[in-house]
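Per-entry structural report
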Number of protein chains: 4
Amino acid sequence: MTDALPAVKDALRTQAVETPSWAYGNSGTRFKVFAQPGVPRTPREKLDDAAKVHEFTGVTPTVSLHIPWDRVEDYAALAAYAGERGLKLGAINSNTFQDDDYRLGSICHPDAKVRRKALDHLLECVDIMDATGSRDLKLWFADGTNYPGQDDIRARQDRLAEALSAVYGRLGDEQRMLLEYKFFEPAFYTTDVPDWGTAYAHCLTLGQKARVVVDTGHHAPGTNIEFIVATLLRAGKLGAFDFNSRFYADDDLMAGAADPFQLFRIMCEVIRGGGFTPDTAFMLDQCHNIEAKIPAVIRSVMNVQEATAKALLVDREALAAAQRSGDVLEANAVLMDAYNTDVRPLLAEVREDQGLDPDPVAAYHRSGWARKIADERVGGQQAGWGA
Amino acid sequence: MTDALPAVKDALRTQAVETPSWAYGNSGTRFKVFAQPGVPRTPREKLDDAAKVHEFTGVTPTVSLHIPWDRVEDYAALAAYAGERGLKLGAINSNTFQDDDYRLGSICHPDAKVRRKALDHLLECVDIMDATGSRDLKLWFADGTNYPGQDDIRARQDRLAEALSAVYGRLGDEQRMLLEYKFFEPAFYTTDVPDWGTAYAHCLTLGQKARVVVDTGHHAPGTNIEFIVATLLRAGKLGAFDFNSRFYADDDLMAGAADPFQLFRIMCEVIRGGGFTPDTAFMLDQCHNIEAKIPAVIRSVMNVQEATAKALLVDREALAAAQRSGDVLEANAVLMDAYNTDVRPLLAEVREDQGLDPDPVAAYHRSGWARKIADERVGGQQAGWGA
Amino acid sequence: MTDALPAVKDALRTQAVETPSWAYGNSGTRFKVFAQPGVPRTPREKLDDAAKVHEFTGVTPTVSLHIPWDRVEDYAALAAYAGERGLKLGAINSNTFQDDDYRLGSICHPDAKVRRKALDHLLECVDIMDATGSRDLKLWFADGTNYPGQDDIRARQDRLAEALSAVYGRLGDEQRMLLEYKFFEPAFYTTDVPDWGTAYAHCLTLGQKARVVVDTGHHAPGTNIEFIVATLLRAGKLGAFDFNSRFYADDDLMAGAADPFQLFRIMCEVIRGGGFTPDTAFMLDQCHNIEAKIPAVIRSVMNVQEATAKALLVDREALAAAQRSGDVLEANAVLMDAYNTDVRPLLAEVREDQGLDPDPVAAYHRSGWARKIADERVGGQQAGWGA
Amino acid sequence: MTDALPAVKDALRTQAVETPSWAYGNSGTRFKVFAQPGVPRTPREKLDDAAKVHEFTGVTPTVSLHIPWDRVEDYAALAAYAGERGLKLGAINSNTFQDDDYRLGSICHPDAKVRRKALDHLLECVDIMDATGSRDLKLWFADGTNYPGQDDIRARQDRLAEALSAVYGRLGDEQRMLLEYKFFEPAFYTTDVPDWGTAYAHCLTLGQKARVVVDTGHHAPGTNIEFIVATLLRAGKLGAFDFNSRFYADDDLMAGAADPFQLFRIMCEVIRGGGFTPDTAFMLDQCHNIEAKIPAVIRSVMNVQEATAKALLVDREALAAAQRSGDVLEANAVLMDAYNTDVRPLLAEVREDQGLDPDPVAAYHRSGWARKIADERVGGQQAGWGA
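Residues numbered from 1 in each chain as written. Chains lettered and ligands numbered in written order. Predicted model: local features only at pLDDT ≥ 70, side-chain atom pairs only at ≥ 80, totals over all residues. Heavy atoms only, no water.

Another point: the overall build of chain A. Scanning chain A from N- to C-terminus turns up 14 helices and 10 strands. Against the 2.2 N^0.38 benchmark of 21 Å for 387 residues, chain A shows a C-alpha radius of gyration of 21 Å, consistent with a compact globule. Projected onto its principal axes, the C-alpha coordinates of chain A cover approximately 60 × 55 × 40 Å. A buried classification covers 68% of the 387 residues belonging to chain A. Here the analysis covers contacts within chain A between residues at least 6 apart in sequence; of these, 78% occur between residues at least 24 apart. Accessible surface computed for chain A: about 12,300 Å², of which carbon and sulfur atoms make up 50%. Placing the 42 positive and 56 negative side-chain charges of chain A at their respective mean positions leaves the two points 2 Å apart. (Helix = DSSP H or I, 4+ residues; strand = E, 2+ residues; numbered from the N terminus. Rg over C-alpha atoms; globule rule 2.2 N^0.38 Å. Buried < 20%, exposed > 50% of the residue type's maximum accessible area, 1.4 Å probe, protein only. Contact = heavy atoms within 4.5 Å. Areas by Shrake-Rupley, 256 points an atom, 1.4 Å probe, with all protein chains shown as cover. Lys, Arg positive; Asp, Glu negative; His and termini not counted. Charge placed at Lys NZ, Arg CZ, Asp CG, Glu CD.)

In structure tokens:
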């Protein structure tokens, strides 16, 4: 592996992970949202926190926005604010699930008026992209049904296709639509985009600018996610990742926390399939319900980096040779050899080469930022999913 | 089956299903709580709604309370209010998951002060039972951890045992402790009472007054719930059911809505195991996030009744004979013969014999109650999980 | 519903369920195959048994073959033998998983020689279709890997596509290729066609004659199968069903035995989506490991009929009205009203109208066939998965 | 961690992993058993292979037997044969699932004659233990049902309890009964010992010599196995592990291959709970269906060693401090710090200290044993699950 190290380091230096504005705000379960001191109250304060993560990790130059949670009057000004902190605004995430009108769905709702309202919101998100210079519109729909018979499964697909088509038509030449699927929740019987196959089929119909988002927490138990990644890359339809981890359902734990080996396997397929380029957006999408938010984001970013480093270290020639010869154990051993490597020293070097502290978490804690925001962000309404 | 009909009808007439006060209030997912018109604002209004359900079904004479959601100054007065409406107050449900102190757990929390606070709440619940005349204290703990290493699994069990023991010691002679288990949520790595085995082991240590609650939505995918029911009845440790249904996780859909055959099989084991007595509390515990709440409760009660009727219709002698002879297909056929029977006419008869409308849902809709509460319950704070 | 009854009866009379030759032979788990008396020893004896099922049910006019388990010298003669018994030969099922060469896969194997061998077998199956007059080639591949790294996920997709394309090119104008997917087993890490999305993507590339097979036991836990059915029908890509049922994995229990409500929901989508035509092949594919095989097939056929009858009874207008108005409970109630109907009397009438015994299982038992085959089929090698 | 290293090395030197005789023989799925060259034909040849594993790893001094697969005339002679190769005979595994009589169960069968036959087999296994000097009788029962109604769930529990009690009474003072549970397979509706709770409840009734076996592949999806380990250790009821790994069901892949982080967490609880002693039997129980068997066993042993080494490296004081202070991220970080360590150099040192090759797999390959057995073990019947 030694010969490969310079190339591996180069690759690690180019890595970019997008952090979501909402990870800095409050989140929780249906049972309780536990507030934390210092949580941002405005989109600008979220960007301040995101800038800290980028300051210490060096690999998180962009921030996803969520509309309406990050609604502001002047998006260009927000983009400029980000720019002053070394950040760019990333994907625009739509929200068609928190208005009372959306009780039975948004763009799949049986009532055309509700569908129109939801579509207008999606189109507004493209307007915002124009203002922020964002490339990606990320669409996740909570649409679905809770009871058999509640609505017509197929008619809802027709409505979905119609709305997606209208949004697609509105995209600029350099803009993309990223369609996310989810196994279940908040709908408990059918979900209108429940799996990669459904997202893929719609994206195929829409055209080149439509791509699938893989959220690592949105699958049925036991689903082989890296297989989906390989398949989507083969089809030229992988657009982005929403990284997070889970033991059960959509737990939204820190990326790499529940199954680091799975994250490694996913990154192996990304690299194998030519997906380790800016064409694939690597995003975090997770909730820090009980842990401190900023260091949890830093930790997640580091987990992604470590999985990437290990995946880059796989001896591809030895692997291919073992695969060709049908040597099951040797092929597995080649992969595991990379996984079992402790890449933390390597990543520390990469950071030091870039003038960063080798230990981003420790550096963050030393920075005093946590105390500062706890002291200063007093009063007002803390940001959260509902705000 | 004809000969058995009178006995079946008698049994159905004795059936009692407890409805939970919180099913009448608002509920939702972490994404959104959709408010509904006419939702109760006080415990008394919840009892008013529960009384309507009892009026039309005739089988829901008791109502579970949830503390603090149903906290009142004078519980004896609340019990009297219920009594005037033909109801009794049922199980007292504790809540140790909605205070900021409980971010890392309640009676399993690493900090003794938090544990003490949680224990005091549990003891207060027994005080309330004394006032309401409730037999059962129902304990569900959201306690658990989200990340490997977060806390010591075993030490948490020790803390759990200590608190349960203290509560158990406080119970009166006629009072019982019902311990509920849950696979996951809101904790996403470990849950301190995750399965029936853990609940059973604690109840065994505590003594005769401690029993296990089976919530039908609280199991790993594929778990055979009727097996657990049979096992707990064999051990004399089944205390209660929390009925609801699910396709995925703890979806809390209407009982019998997702898998009516499973509900039937559960009731078969209840009857087979001698559990169809007042010793077992048959409760609903579900959320009506998108559907009208009172008719959803009525529908759930009817689903339980239908499953019970079918289970009562099983030709036990024919079943035993087929089982003894190892005739797999015949034994299965005997069971399915009961399941495939349309028991709605039978239940309509039972209702008419009791002077009830044979169609409780239609009768409720005709009653005008929905409009009345929508008109009258204006202003104030609608009841919900957080209130 | 009364007005709809004649149409429902007409529809039920046109229903056809294909039974698989291998359901009459021995099957088991990896732990043990329990032999049964009277099991067929030859393809002709399997057809004899299938003819009995058709004699008593009236709705199983075709039989799927599995090559090489049903290999004969003269397929035209076998077709004629079937014809004399009122049967036709149905889908031809390939087998590329029981030769030692297939340890690491068949058409996805890293070695081109093994791929060629597997492809030749598939082409041979089309030759057999020419001889039997079968319309459908049903392809299920056990291909996959057991360990991360074992083989290249994407390269295997390329090999898969290449072989499928070669087979597709060989199909006659009236012939179709049905591609089956399976979540896992016998491969335990990746499966090369693991989900409907993968099967769909390949069929789309191949063309109009390629369709997806939905085996009801081949999904991840919790998967909403009727959603997939609706989606495939919408895309014109549903080719066939392999009916069976499961509580856990690919248990291959009798259709409708584990979750009759699910089977009903599936048939509802079939009818809703225009799939209740000869264009969709309704097949059984299950194992009778511990129960008597012929009556188990009869029972399964009856379960499919009952689910179909209930689905036909759904009041489509009332359902659509409730869906349009967003009345969740009423829409669900309309569906459940059909499901809760006891359709056995209706099916008994349909059978009597056709001159059949209203109770096929009882008629079979009275026929003496079970004893006859137990007496006569002595010596020789009982048919099974390996023969 | 440096100060702890000598103690860690000492602990690693004391580790013992028992290998199962059947891992050296053929295995497969219900679809196909792929034979491999050089597979043992007799129990003695299996011991020869096991001795090779011990020669190169130094930590597998005992071998589990499976009766009747390892039936010999003279067990004392077999034990002597093992002794000459530096091995001891370990747990005796019963088999009550491969006789035609066991189609509907063994000790839970409705027919007393079959139950008696099964019980006699179990008692014979204790006789064999007397002859081999084995401490542990490992009981796994395939008993269960495939269809609702097939047999009486509770009556089967009574029969189970009766048989276990009879066997328990036959145990010598130094002998133990290890009761294994399994979620499903080969039974597909109920399994008579489906979960740790059932096994625990029976062991509790039986007494001190009865302990629970945790097979890491025998749980429902998502089950937290380390929680069960912690719970059983707290109750003094953990007897043994059957290590293997899985992505889906009971895949029986190499230990540590599917989720190495899970294996680490399990070993953390073992050590935390005082279970890292000879009182807990650490066994492999897996199938090498497509990979070479002996090196697969070696690899599995090494995976267990690596997980153990990492678990031993956890800084317990730092962990406890972080847990006490409620620092979620720091507590998790302490655990992950150990997990992310590359322990292969440490284990290489431990091996070299013991005079072993630091790379057991390479040493095995250099030894020529694979070629030798392929050349010599010609003719005869290869050992497998059915022999």
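With 21 residues, helix H9 (residues 293–313) of chain A should reach 30 Å at 1.5 Å per residue; the first-to-last C-alpha distance of 30 Å fits that figure. Along H9 of chain A, 21 of the 21 residues are buried, which leaves the element largely enclosed by surrounding structure. (Expected span 1.5 Å × (residues − 1).)

Okay, the relation of the copies chain A and chain B next. Once chain A is rotated about the relating axis by 180° and shifted along it by 0.0 Å, it coincides with chain B to within an RMSD of 0.0 Å. Taken together, the rotation angle and the small translation identify this as a two-fold axis. Ranked by how close their C-alpha atoms come to the rotation axis, the residues of chain A are headed by Arg30 of chain A, at 2.1 Å. A shared interface surface links the copies, since 100% of the contact residues of chain A are contact residues in chain B too. (Least-squares fit on C-alpha atoms with pLDDT ≥ 70 in both.)

In summary, the two copies of the chain are related to each other by a rotation about an axis coupled with a shift along it. With an RMSD of 0.0 Å, the operation that places chain A on chain C is a rotation of 180° combined with a shift of 0.0 Å along the axis. Taken together, the interface assignments show that 100% of the residues at the interface of chain A recur at the interface of chain C, consistent with an identical surface on both copies.

On the chain B side, the residues contacting the 41 residues of chain A number 41 residues. In total, about 4,000 Å² of surface goes out of reach between chain A and chain B, with carbon and sulfur atoms giving 64% of it. Per-residue buried area on chain A facing chain B is highest for Arg30, Phe31 and Tyr147 of chain A; these three make up 22% of the total on that side. For the pair chain A and chain B, the interface holds eight salt bridges. (Buried area = accessible area lost by both parts, 1.4 Å probe. Salt bridge = Lys/Arg side-chain N within 4 Å of Asp/Glu carboxyl O.)

All names here are of chain A. Taken together, eight strands build an open sheet; the order of strands is S1-S2-S3-S4-S6-S8-S9-S10 and the sheet is parallel. Lying at the two open borders of the sheet, with one neighbouring strand each, are strand S1 (19–20) and strand S10 (281–284). Across four bridges, strand S9 (residues 238–243) lies against S10 in parallel orientation. Note on S10: the bridge partner recorded for Ala240 is Ala281. The strands touched by helix H5 (residues 153–170) within the sheet are strand S4 (136–139), strand S6 (176–180) and strand S8 (210–215), with S6 carrying the most contacts at an inclination of about 155°. (Pairing = 2+ DSSP bridges. Axes fitted to C-alpha atoms, helices over the stretch in contact; angles between N-to-C directions.)

Right, let's get into the environment of Gly380 of chain A. With respect to the helices and strands, the residue Gly380 of chain A is situated in the segment after helix H14 (369–376). The class of Gly380 of chain A is exposed, set by a relative accessible area of 74%.

All names here are of chain D. Read across the open sheet, the eight strands follow the order S1-S2-S3-S4-S6-S8-S9-S10; overall the sheet is parallel. On the outer flanks of this sheet lie strand S1 (19–20) and strand S10 (281–284), each paired with one strand and no other. Pairing analysis gives four bridges linking strand S8 (residues 210–215) to strand S9 (residues 238–243), with the strands arranged parallel. When the sheet's bridge partners are listed, Val213 is paired in S9 with Ala240. The sheet contacts of helix H8 (residues 260–272) involve S9 and S10, and relative to S9 the element is tilted by about 165°.

Looking now at the interface of chain A and chain C. Taken together, the contact pairs 51 residues of chain A with 51 residues of chain C. Looking only at chain A, the three residues that lose the most surface to chain C are Arg154, Phe227 and Arg234 of chain A, adding up to 18% of its buried area. On the surface where chain A and chain C come into contact, there are four salt bridges. Linking chain A with chain C are 16 residue pairs in polar contact (both at pLDDT 80 or more). Those elements that provide at least two residues to the side of chain A that touches chain C are H5, strand S7 (190–191), helix H6 (196–206), helix H7 (225–234), helix H8 (260–272), helix H10 (316–324) and helix H11 (328–339) of chain A. Take the side of chain A that touches chain C: its biggest share by element is seven residues, from H6 of chain A. Grouping the constituent residues of the side of chain A that touches chain C by class yields 24 nonpolar, 15 polar and 12 charged. (Polar contact = N/O pair within 3.5 Å; in protein donor to acceptor, adjacent residues only side chain to side chain. Nonpolar A, V, L, I, M, F, W, Y, C, P; charged D, E, K, R; others polar.)

Of all hydrophobic cores here, the largest spans 204 residues; its most connected members are Phe241, Phe243 and Phe264 of chain A together with Phe241, Phe243 and Phe264 of chain D. Discounting chain neighbours no more than four positions away, the residues touching Phe243 of chain D are Thr216, Ala255, Leu263, Ile266, Met267, Phe282, Met283, Leu284, Asp285, Gln286 and Val304 of chain D. One finds Tyr102 and Val126 of chain B together with Val8 and Ala307 of chain C within the second-largest nonpolar core, a separate group that totals 203 residues. (Core = buried A, V, L, I, M, F, W, Y, C linked by side-chain atoms within 4.5 Å.)

This part takes up the side chain of Lys9 of chain D. For Lys9 of chain D, the position within the fold is in helix H1 (residues 5–14). Not counting the four nearest positions on each side in its chain, Lys9 of chain D is found in contact with Leu346, Glu349, Val350 and Asp353 of chain D.

The next subject is the pattern of salt bridges. In the structure shown here, the tally under the stated rule is 159 salt bridges over all chains. Put simply, Arg30 of chain C and Asp252 of chain D hold a salt bridge, and the shortest N to O gap is 2.9 Å. Taken together, the residues Arg30 of chain C in the loop between strand S1 (19–20) and helix H2 (43–57) and Asp252 of chain D in the loop between S9 and H8 connect one chain to another. When sorted by exposure, Arg30 of chain C lands in the same class as Asp252 of chain D, which is buried. The shortest N-O distance in the salt bridge between Glu226 of chain C and Arg265 of chain C comes to 2.5 Å. Taken together, the residues Glu226 of chain C in helix H7 (residues 225–234) and Arg265 of chain C in helix H8 (residues 260–272) connect sequence positions 39 residues apart. Note on accessibility: Glu226 of chain C and Arg265 of chain C belong to one class, buried.

This part takes up helix H12 (residues 344–353) of chain B. All names here are of chain B. Among all positions of H12, only Leu346, Leu347, Ala348, Val350 and Arg351 are buried. Those residues of H12 hidden inside the fold are in contact with helix H1 (5–14), helix H9 (293–313) and helix H13 (360–367). Gly355 sits one or two positions beyond H12 and adopts a positive phi of about 80°.

In this section: the side chain of Arg211 of chain A. All names here are of chain A. Its place among the elements puts Arg211 in strand S8. The class for Arg211 is buried, based on a relative accessible area of 11%. Excluding residues that lie within four positions of it along the chain, Arg211 makes contacts with Arg176, Met177, Leu178, Leu179, Cys203, Gly236, Lys237, Leu238, Gly239 and Asp279.

Moving on to the packing of aromatic side chains. Going through the model one piece at a time under the given rule, you end up with 88 aromatic pairs over all chains. With a centroid separation of 6.4 Å and an interplanar angle of 70°, the aromatic rings of Trp22 of chain D and Trp69 of chain D are classed as edge-to-face. With Trp22 of chain D in the loop between S1 and helix H2 (43–57) and Trp69 of chain D in the loop between strand S2 (62–66) and helix H3 (75–84), the pair connects residues that are 47 residues apart, well separated along the chain. Classification of Trp69 of chain D as buried rests on a relative accessible area of 8%. Aromatic ring contacts, followed pair by pair, group Trp22, Trp69, Phe97, Trp140 and Trp385 of chain A together with Phe31 of chain B into a single cluster. Across from the ring centre of Tyr81 of chain D, 3.5 Å away, lies the NZ or CZ of Arg85 of chain D, which sits over that ring. The ring of Tyr102 of chain D is capped by Lys117 of chain D, whose NZ or CZ atom sits 5.7 Å from the centre of that ring. (Phe/Tyr/Trp six-rings, centres within 6.5 Å; stacked < 30°, edge-to-face > 60°. Lys NZ or Arg CZ within 6 Å of the ring centre and 35° of its normal.)

Right, let's talk about the environment of Gly25 of chain D for a bit. Residues and elements named next belong to chain D. For Gly25, the position within the fold is in the loop between S1 and H2. When its relative accessible area of 3% is taken as the criterion, Gly25 is described as buried. Each C-alpha atom, one on Gly25 and one on Ala383, is 4.9 Å from the other, the two residues being 358 residues apart in sequence. In this structure, Gly25 is in contact with Val39, Lys293 and Ala383, ignoring residues within four places of it in sequence.

When two helices pack together, their arrangement is captured by the angle between the axes and the distance separating the axes. All names here are of chain C. The geometry of H2 relative to helix H3 (residues 75–84) is characterised by a closest axis approach of 10 Å and an angle of 25° between their N-to-C directions. By the angle between their directions, the pair H2 and H3 is classed as roughly parallel. As for how H2 packs across H3, the hand of that crossing is right-handed. Listed contacts from H3 to Pro43, Arg44, Leu47 and Asp48 of H2 are Ala77, Leu78, Tyr81 and Ala82. Of the residues contributing to the contact of H2 with H3, the split by class is six nonpolar, no polar and two charged. (Parallel < 35°, antiparallel > 145°, perpendicular 65-115°, else oblique. Left-handed = near helix turned anticlockwise from the far one by under 90°.)

Both faces of the sheet carry side chains from a regular strand, because those side chains alternate between them. Residues and elements named next belong to chain C. Most of strand S3 (residues 88–93) sits inside the fold, with five of its six residues counted as buried. Direction of pairing for strand S2 (residues 62–66) relative to S3: parallel, over a ladder of four bridges. Residue Val63 lies in a different strand from S3, and its bridge partner there is Leu89. What joins S2 to S3 is H3, and the crossover it makes is right-handed. Pairing geometry for S3 and strand S4 (residues 136–139), over two bridges, is parallel. Paired with Ile92 across the bridge in S4 is Leu137. (Right-handed = clockwise from strand over helix to strand, strands pointing away.)

Fair warning: the whole summary comes from geometry, so function is off the table for now.
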